[in-house]
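Structural description and commentary
For reference, the chains in residue letters:
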Amino acid sequence: MPEKKTKYIFVTGGVVSALGKGIASSSIGLLLKKRGLNVNIIKCDPYINVDPGTMNPFQHGEVFVLDDGSETDLDLGHYERFLDQSMSKDNNVTTGQVYHTVITRERRGDYLGATVQVIPHITEEIKASIRRAGRARPDTDIVIVEIGGTVGDIESQPFLEAIRQMALENDPGDTVFVHLTLVPYVPTAGEIKTKPTQHSVKALREIGIQPHLLVCRTVKPLDESIRNKIGLFCNVPARHVIAALDVETVYEIPLSFNREGVGKAICEHLNLENIDPDLSEWEEMVSKIKHPSHRVKIAICGKYVHLKDAYKSIIESFIHAGVANDTRVDLIWVSSEDIKKNGAESLLDGIDGLLIPGGFGERGVEGKIESIRYVRENKIPFFGICLGMQCAVIEYARNVCDLKDAHSYEFYAELKHPVIHLMADQEGVTNLGGTMRLGAYPCILQQPSRSYEAYGADQISERHRHRYEFNNAYRDLFKDTSLILVGLSPDGRLVEIVEDSDHPWFVGVQFHPELKSRPTRAHPLFRDFIGAAVEYNHKKKDPEAVTDISQVEKNRV
Ligand code: GLN
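The written sequence of each chain sets the order in which its residues are numbered from 1. Reporting of local features is limited, given that this is a predicted model, to residues whose pLDDT is at least 70; pairs of side-chain atoms are given and counted only at 80 or more, and all residues count toward the totals for whole chains, interfaces and linings. Side-chain metrics rest on all non-hydrogen atoms present in the structure, leaving aside hydrogens and water.

Labels follow the DSSP assignment, with helices taken as runs of H or I lasting at least four residues and strands as runs of E lasting at least two, numbered in each case from the N terminus. Broken down by element type, the protein carries 18 helices and 23 strands. The quantity called the radius of gyration is restricted to C-alpha atoms. Its globule counterpart is 2.2 Å times the number of residues to the power 0.38. Taken over C-alpha atoms, the radius of gyration comes to 25 Å for the protein, in line with the 24 Å a tight globule of 557 residues would show. C-alpha atoms of the protein, sized along the principal axes, occupy 70 × 60 × 55 Å. Each residue is placed in one exposure class: buried if its accessible area under a 1.4 Å probe, protein chains only, is under 20% of its type's maximum, exposed if it is over 50%, and partly exposed if it falls in between. Per-residue burial for the protein yields a buried fraction of 57% across its 557 residues.

So, in C-alpha cells, the structure goes:
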C-alpha cells in the first residue's frame, strides 16, 4: 500500500518572542483533529543543547518529560493537553540533535569526499526529522511544525531554509505557512500599528517564505481597514488576516480561532473538505473554567515562584482539577526561602491546600520541610511531587520519628540519616544530560489509600525525572507509624507514593503527575487534592457543614 501523503503546516513567529506559538499551533491542531483528521505536532528548537534537560528553569521554564523518557520543550505539554495525545522523542527536534547526528555521520565516513555544510547536510537532516514525525503515528494527515525563536534570529535560519525547501518539494496544496505576529496598540497615538508585522513578513519573504495566514496577536479588535492594510502590505488576502485577541484562558483560543475562521482558511489552502468541528466538550470545559461554583486557595511553595513557566504543567493541572470540581483554584506563590525566614504560620495562613513541586538543590529545602510540618499538623490537604515527596519523608522522620538529622543525600554527602539517598543505578553516573530515571514506569497501589481511591486501579503508570529515592534502610522506621508506603514499583524496591493515614489528604509522589493531566480529563490525584481542599474550605467556614463535594461529578481517567 502506498504511504499516506502527509500535509504540513509550518508555524513561524515574528516581532517578539513569547507570542504563544505553542498554544497557537496546539489550537490549530485541535481544530483539525475535531474535523476528524489525524494530526501530529513537532517543535523545532534552534538552540545547541541536545535537549532542555540540562538548562536552568530561568533559561527555559519547565522540562516536559514524555513517556519514552525524553526531556523536551514545555510546548510539548501544550500539544499533549490540547490534542489529548501523547508525544514521543520525534516531536522535538533541536539544533543540537541535528548537528550531533550529522557530525556522528561525518566521523563514520558517511559523507566521504564531501565538505559537510549547513545547506544541504544540516537542512536535509532537519527535513528528515520533520518527515519522521509524520511517520511516527499511523495515518497522519497533517503535521504541524512549530519553528522556535523569532524570524530574523541567526539560529533559526537553517530551520526556515529547510521548511522553504520542503514547501518546494511538496505537491501544491500540501503546505501552509502560518505566521504569528504582534499588532501593537500604541496608547499615546491611540492607534493600532501594523509596521512590525510588515517588517517581520518582509524578513520571511527575503528568505523565500510567503505566509498564507497571518495570526495577529492584538489587544484591540482588528477592523476591516486594518486587515486590508496588513493584507496589502504582506501579500495575504485580507480574509486570511486573523485577529487573535487576548482571552481569559488559553483554552479559549481554539474557540476564538474557530470563530475567526482559522480552520476553514487552512482547509481551503490544503484542499481539504471544511467540516464543522465538534467543539462541544471543549466549550463545556471552557465554560466551567469561567463560571465555577466554589473557590479554594492553594499555596505552591518552591524556589522559582517568580518564574511561572517553571511550573507550567502544575498550573495547568490545577485548572483541569478545578474544572472537574467546579472550582476556581487561586494559586498563592510562596518562596520556600521566605518560609525559612518568616515561618510557615504567617505565610500559609488561610490556605486550603499546599503543593510542594519538584526541584533540585538545597536552596529553600528547609522552608519546604517547615511548610509540610505546618499542613501536616493542621490537617490541611497536602500534595508533594518528587522533591515534595522526599521533603515529606524527611519532615515526618524528623518531627514524628524524632530523627532530628534526617535529610537527603542530594544535599549532604556526610549524613547520619539519609532517609532519601541516591538510586543504586545512579551510582557512578557522571554525565548530566539525559541520565536521570526518566519517563514512564509502572507502580502498584495498596488499598485502602487515597491514591487507590483517586485512580480506581491497582496498577498505574506515571512519568519520572529524578536521581534520588526513598532509602529502603528506613522502611522499618515508618513501620508502625501513620506514614504508609502505598505505592511501590512492581518489584517492591522503589517507593513511589507515601501517604499519612492520620490526615484527611496527605499524598507524596515520586513521579510527576502534572505531566499527564489533560483539560477534559483532570489527573486523578490533582482532582482529588482539589476535592479535599474544597471540603476543607467548607468545613473551615462551617464546621457542621456536610459538603456536597462527593456529589461533584468526577471525570475519572
Ligand atoms: N532532586 C530530586 C531528585 O533528583 C527531585 C527531582 C525532582 O523533583 N524532579 O531525586
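The structure having been displayed, the exposition proceeds.
Time to look at unusual backbone geometry. Following Ile119, the chain continues to Pro120 via a peptide bond in cis, the omega torsion being 10°. As for its position among the elements, Pro120 is in helix 5 (residues 118-136). With an omega dihedral of -10°, the bond running from Gln447 to Pro448 counts as a cis peptide bond.

Any carboxyl oxygen of Asp or Glu within 4 Å of a side-chain nitrogen of Lys or Arg constitutes a salt bridge here. Counting across every chain of the model gives 46 salt bridges. Where Lys290 meets Glu252, a salt bridge forms, and the shortest distance between an N and an O atom there is 2.9 Å. Within this pair, whereas Lys290 is found in helix 11 (residues 280-290), its partner Glu252 is found in the loop between strand 11 (241-245) and helix 9 (253-259), the two being separated by 38 residues in sequence. Overall, Lys290 belongs to the partly exposed group, its relative accessible area being 28%. In this structure Glu252 comes out as buried when scored by relative accessible area, which is 11%.

A few words on the sheet that holds strand 2 (residues 39-45). Any two strands with at least two DSSP bridges between them are considered paired. Taken in spatial order, the seven strands line up as 5-2-6-1-7-10-11 in an open sheet, and their pairing is parallel. Each edge of the open sheet is held by one strand with a lone partner, namely strand 5 (92-94) and strand 11. Along the sheet, successive strands turn relative to each other by an average axial angle of 20°, direction set aside. Sheet analysis places strand 2 next to strand 5, joined by three bridges and oriented parallel. Across the sheet, the residue bridging to Asp45 is Thr94, located in strand 5. Contacts are assigned to residue pairs that have any heavy atoms within 4.5 Å of one another. Between N-to-C directions, angles cover 0 to 180 degrees, with each direction set by a line fitted to C-alpha atoms, over the stretch in contact for helices. Strand contacts of helix 5: strand 1 (7-13), strand 2, strand 5 and strand 6 (142-147), with the helix running at about 155° to strand 2, the strand carrying the most contacts.

So, about the site of the ligand. The rule for a residue being near a molecule or strand is that one of its heavy atoms must lie within 4 Å of it. Around the ligand, the surrounding shell consists of Gly358, Gly359, Phe360, Cys386, Leu387, Gln390, Glu410, Arg465, His466, Arg467, Tyr468 and His512. Polar contact criterion, stated in full: a pair of N or O atoms within 3.5 Å, where within protein one must be able to donate a hydrogen and the other to accept it, and residues adjacent in sequence count only if both atoms are side-chain atoms. For the ligand, a nitrogen atom lies 2.9 Å from a polar atom in the backbone of Arg465. At a separation of 3.1 Å, a nitrogen atom of the ligand approaches a polar side-chain atom of His512. The Shrake-Rupley method, run with a 1.4 Å probe sphere, supplies the accessible areas, and residue values consider only the shown protein chains as cover. Burial of the ligand by the protein chains amounts to 99% of its free accessible area of 300 Å².

The subject of this paragraph is the environment of Asn325. Turning to its location among the elements, Asn325 is positioned in the loop between helix 12 (312-324) and strand 13 (327-335). According to the relative accessible area criterion, Asn325 is buried, its value standing at 0%. Measuring from C-alpha to C-alpha, the distance between Asn325 and His294 comes to 8.1 Å, with 31 residues separating the pair along the chain. From its side chain, Asn325 meets the backbone oxygen of Arg527 in a polar contact 2.9 Å long.

If you trace the nine strands from one edge of the open sheet to the other, you get 13-12-14-15-23-22-21-18-19, paired in mixed fashion. Either end of the sheet is taken by a strand with one partner, and the two such strands are strand 13 and strand 19 (459-466). Adjacent strand axes in the sheet meet at a mean angle of 25° when their direction is disregarded. As paired elements, strand 22 (residues 495-500) and strand 23 (residues 506-509) share three bridges and run antiparallel to each other. In the sheet register, Val498 faces strand 23, and the bridge partner there is Gly508. Across the sheet, helix 12 lies against strand 12 (294-302), strand 13, strand 14 (353-356) and strand 15 (382-385), angled at about 150° from strand 13, the strand it touches most.

Attention now goes to a nonpolar patch on the surface. Excluding any residue in a salt bridge, patches collect residues exceeding 30% relative accessible area, merging like charges within 9 Å and nonpolar Val, Leu, Ile, Met, Phe, Trp and Tyr side chains within 5 Å. Together, Tyr99, Ile103, Val118 and Ile119 give the surface a local cluster of nonpolar side chains, amounting to about 340 Å² of exposed area. Listing elements by their share of the nonpolar patch, those giving two or more residues are helix 4 (95-108) and helix 5. Inspection of the secondary structure assignment puts Ile103 in helix 4. Residue classification places Ile103 among the partly exposed positions, given a relative accessible area of 48%.

Per-residue confidence from the predictor is given as pLDDT, running between 0 and 100. Counting all residues, the mean pLDDT for the protein is 93, and 97% of those residues have values of 70 or more. This stretch, residues 547-557, has a pLDDT under 50; its non-local contacts, to residues over four places away or in other chains, come to 24 contacts.

At their nearest, the axes of helix 15 (residues 365-377) and helix 16 (residues 387-399) sit 9 Å apart, and the two run at 70° to each other. Overall, the two elements helix 15 and helix 16 adopt an arrangement that is roughly perpendicular. Every pair of crossing elements has a handedness; the one defined by helix 15 and helix 16 is right-handed. Here Val365, Glu366, Lys368, Ile369, Ile372, Arg373 and Arg376 of helix 15 lie close against helix 16, whose contacting residues are Leu387, Gly388, Cys391, Ala392, Ile394, Glu395, Tyr396, Arg398 and Asn399. Side-chain classes follow a simple rule in which Ala, Val, Leu, Ile, Met, Phe, Trp, Tyr, Cys and Pro form the nonpolar group, Asp, Glu, Lys and Arg form the charged group, and the remainder, Gly included, forms the polar group. Partitioning the contact of helix 15 with helix 16 into residue classes produces eight nonpolar, two polar and six charged. If an angle is under 35 degrees, it is roughly parallel; if it is over 145, roughly antiparallel; if it lies from 65 to 115, roughly perpendicular; otherwise it is oblique. Each crossing is labelled by how the near helix is turned from the far one, with a counterclockwise turn of less than a right angle marking it left-handed and a clockwise turn marking it right-handed.

Time to look at the pairing of strand 1. With seven of seven residues buried, strand 1 is to be regarded as a mostly interior element. Side chains of strand 1 alternate between two faces, with Lys7, Ile9, Val11 and Gly13 and Tyr8, Phe10 and Thr12 buried alike. The sheet contact formed by strand 1 and strand 6 spans five bridges and is parallel. If you follow Lys7 over to strand 6, its bridge partner there is Ile142.

Looking now at helix 3 (residues 75-83). Counting buried residues along helix 3, nine of its nine residues qualify, which places the element largely inside the surrounding structure. Those residues of helix 3 that sit buried are Asp75, Leu76, Gly77, His78, Tyr79, Glu80, Arg81, Phe82 and Leu83. Positive phi shows up at Asp84, right after helix 3, with a value of about 50°.

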